[in-house]
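# Descriptive analysis of the structure
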Amino acid sequence: MGPVECVVLAFPGERLKVAAVTAIAELRRAGQVRLIDSLVVVKSVAGEVSTSELVEYEEYDDATAEIGPEANLLGPEDAAEAAETLEPGSCALMLLVEHVWATRAADAIREAGGRIAGAVRVPPELVEEARVAHREAVAAASVGRS
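Residues numbered from 1 in each chain as written. Predicted model: local features only at pLDDT ≥ 70, side-chain atom pairs only at ≥ 80, totals over all residues. Heavy atoms only, no water.

- The name given to the chain in an unreviewed UniProt entry is DUF6325 family protein, with the source organism recorded as Streptomyces sp. R44.

And the structure:
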């Protein structure tokens, strides 16, 4: 088994964006991820929280094809935690995914006695800021050499 991660995708409005779920379905079909479980969390404008399973939405059958009835690994505590991050009038899609693309490497690491000792998700904005800062530093250094 590859690494498993819980990802929470937040969206404005109280309805999921079809394009986002379609992108997950494309990753699943390509064999990049396996969707183990999912949960939709909605926070109404009044601040009331409701949840549902993604498998309850027929329009998302292609994304949820692998999820079996025994999934239910994401529960009320997970939904409550996700709801705390939401603004009123928004929703979130919680996904428990296996990174299938990393299975071979994960197996080799385990066989070598290794383990994941930590992981940090770096937001794309910070990566871009670092790239810009690096380009500026390289440009400044090249001007200084002239």
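## Here's the deal with the pairing of strand β3 (residues 49-52)
- The sheet contact formed by strand β2 (residues 33-43) and β3 spans 4 bridges and is antiparallel. Counterpart to Val41 in the pairing with β3 is Thr51.
- Taken together, β2 and the strand that follows it, β3, pair antiparallel across an intervening segment of 5 residues, in which Gly47 is found at a positive phi of about 90°. (Pairing = 2+ DSSP bridges. Helix = DSSP H or I, 4+ residues; strand = E, 2+ residues; numbered from the N terminus.)

## Things to note about the pattern of salt bridges
- Enumeration over the complete set of coordinates arrives at 4 salt bridges.
- Across the salt bridge formed by Glu5 and Arg121, the nearest N and O atoms sit 2.0 Å from each other. Within this pair, whereas Glu5 is found in strand β1 (residues 4-12), its partner Arg121 is found in the loop between α3 (103-111) and α4 (124-145), the two being separated by 116 residues in sequence.
- In this structure, the salt-bridge partner of Glu98 is Arg34, at a minimum N-O distance of 2.8 Å. You can see Glu98 sitting in strand β4 (residues 90-99) and its partner Arg34 sitting in strand β2, a full 64 residues away along the chain. (Salt bridge = Lys/Arg side-chain N within 4 Å of Asp/Glu carboxyl O.)

## A look at the side chain of Ser90
- Relative to the assigned elements, Ser90 resides in strand β4.
- A distance of 2.4 Å separates the side chain of Ser90 from the backbone oxygen of Glu87, its partner in a polar contact.
- The residues touching Ser90, leaving out its near neighbours within four places in the chain, are Phe11, Pro12, Gly13, Glu14, Val41, Val42 and Lys43. (Polar contact = N/O pair within 3.5 Å; in protein donor to acceptor, adjacent residues only side chain to side chain. Contact = heavy atoms within 4.5 Å.)

## A few points about the nonpolar core
- Counting 17 residues, the largest nonpolar core has Phe11, Leu16, Val21, Val40, Leu54, Leu93 and Leu95 as its most contacted members.
- Contacts of Val21, omitting those with residues within four sequence positions, involve Leu16, Leu54, Tyr60, Ala63 and Leu93. (Core = buried A, V, L, I, M, F, W, Y, C linked by side-chain atoms within 4.5 Å. Buried < 20%, exposed > 50% of the residue type's maximum accessible area, 1.4 Å probe, protein only.)

## Description of the environment of Asp78
- Position of Asp78 among the secondary structure elements: in helix α2 (residues 76-84).
- In this structure, the C-alpha to C-alpha distance between Asp78 and Leu96, residues 18 residues apart in sequence, is 11 Å.
- The contact partners of Asp78, leaving out residues within four places of it in the chain, are Leu73 and Met94.
- A distance of 2.8 Å separates the side chain of Asp78 from the backbone nitrogen of Gly75, its partner in a polar contact.

## Considerations on a nonpolar patch on the surface
- A surface patch of nonpolar side chains, about 360 Å² in accessible area, is lined by Val120, Val122, Leu126 and Val127.
- Among the secondary structure elements, Val127 is positioned in helix α4. (Patch = residues over 30% accessible without salt bridge, like charges linked within 9 Å, V, L, I, M, F, W, Y side chains within 5 Å. Areas by Shrake-Rupley, 256 points an atom, 1.4 Å probe, with all protein chains shown as cover.)

## Here's the deal with the sheet that holds β4
- Sheet architecture is open: 4 strands sit in the order β1-β4-β2-β3, paired in antiparallel fashion. Looking at the sheet topology across the chains shown, the edges are occupied by β1 and β3. Adjacent strand axes in the sheet meet at a mean angle of 20° when their direction is disregarded. (Axes fitted to C-alpha atoms, helices over the stretch in contact; angles between N-to-C directions.)

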